[in-house]
Amino acid sequence: MFGQLRLDNRIALVTGGSKGLGRAMALGLASAGATVFVAARTEEPLQELVTEIEAKGGKADYRLLDVTDEAACIEVVNSVIRDRRRLDILVNNAGAIHRAPLLESNTDDYRHVVETNLISLYVLAREAARHMSERGYGRIINIGSVMSTIARPNISSYAATKHAVAGLTKSLAVELAPMGINVNGIGPGYFGTEFNAPLMADAEFTAMVESRTPVGRWARPEEIAGAAIFLASEAASYVTGHMLYVDGGMTVKL
Ligand code: GCO
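Reference entry: report on the structure contained in this document.

Attention now goes to the environment of glycine 136. Here glycine 136 shows up in the loop between α4 (107-135) and β5 (138-143). In contact with glycine 136, not counting residues within four places along its chain, are Met179 and Gly180.

Right, dumping it as structure tokens:
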């Protein structure tokens with residue numbers, strides 16, 4: 001039982017890893033012993049995060065990646081495996097949102113959200129599973145949202161894709177379980193990240209979050225890390241197809 005939450009000798013890839021929830025999960029996985037490859041589009045914050053992880057005694061590296069570029073996704077997965085001969089944990093975290101009323105929305109923005117929040121998760125899961133299946137072991141963690149099960153106005157592309165993340169997670173869980181690959185999702189509630197900065201600046205929206213969340217507040221980024229560590233670890237060896245909502249109780253409150 002001891003050490004079930006340790007990730008020593010595990011190799012992890014976290015997309016959208018340079019900031020927000022991706023950065024918090026990368027720090028958490030590294031603190032549990034994993035070697036974490038963080039991937040994002042901008043190099044400097046990735047370099048800073050690797051330096052921070054190493055300064056804390058962890059192991060990390062980075063890859064530049066635009067998850068909407070399929071060839072780049074394939075190359076990043078293959079480069080991690082060439083570099084470390086394995087990939088044990090994939091955290092599909094990179095995401096996009098376009099907040100606009102339906103009647104003011106446009107198809108290009110909508111398609112970008114679909115490409116980022118759904119297609120990239122499929123591509124990366126497919127390429128990671130190709131390797132994981134050869135070794136009979138893997139953990140894929142897809143980052144959804146409370147919008148994987150509820151909705152609010154003006155973010156239909158985001159909510160539709162995050163609902164799809166739940167469906168992709170369940171589908172891949174049942175398909176990949178015989179290969180030793182567990183597939184789960186995390187559904188964050190309202191976290192105080194750059195992604196939600198416009199909402200946090202809106203007093204009325206913040207009041208809504210505080211009233212709709214039983215815990216009564218925005219979440220701190222580091223509060224996502226434990227869920228990722230658990231789902232990536234031996235402690236979750238019999239957990240697959242699950243959406244773990246880290247939402248302060250929002251999705252269960254009337
Ligand atoms: C929004 C927010 C949500 C986020 C939130 C819940 O515009 O309502 O961005 O959709 O996903 O952090 O997961």
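Around the ligand, a shell composed of 14 residues is seen, among which Ser145, Arg152, Tyr158, Pro188 and Tyr190 lie nearest. The separation between an oxygen atom of the ligand and a polar side-chain atom of asparagine 196 is 2.7 Å. Protein contacts shield 97% of the accessible area of the ligand, which totals 330 Å² for the unbound molecule.

Before going further, it helps to spend a moment on the packing of aromatic side chains. Taken as a whole, this structure holds four aromatic pairs when the rule is applied. With centroids separated by 6.5 Å and ring planes inclined at 35 degrees, the aromatic side chains of phenylalanine 205 and tryptophan 218 adopt a geometry described as tilted. Within this pair, whereas phenylalanine 205 is found in helix α7 (residues 203-212), its partner tryptophan 218 is found in the loop between α7 and α8 (225-232), the two being separated by 13 residues in sequence. Take phenylalanine 205: its relative accessible area is 11%, and that puts it in the buried class. Judged by its relative accessible area of 11%, tryptophan 218 falls in the buried class. A connected cluster of aromatic rings, assembled from ring pairs, spans Tyr190, Phe205 and Trp218.

Cut-offs and rules
- Residues numbered from 1 in each chain as written.
- Predicted model: local features only at pLDDT ≥ 70, side-chain atom pairs only at ≥ 80, totals over all residues.
- Heavy atoms only, no water.
- Helix = DSSP H or I, 4+ residues; strand = E, 2+ residues; numbered from the N terminus.
- Contact = heavy atoms within 4.5 Å.
- Near = heavy atom within 4 Å.
- Polar contact = N/O pair within 3.5 Å; in protein donor to acceptor, adjacent residues only side chain to side chain.
- Areas by Shrake-Rupley, 256 points an atom, 1.4 Å probe, with all protein chains shown as cover.
- Phe/Tyr/Trp six-rings, centres within 6.5 Å; stacked < 30°, edge-to-face > 60°.
- Buried < 20%, exposed > 50% of the residue type's maximum accessible area, 1.4 Å probe, protein only.

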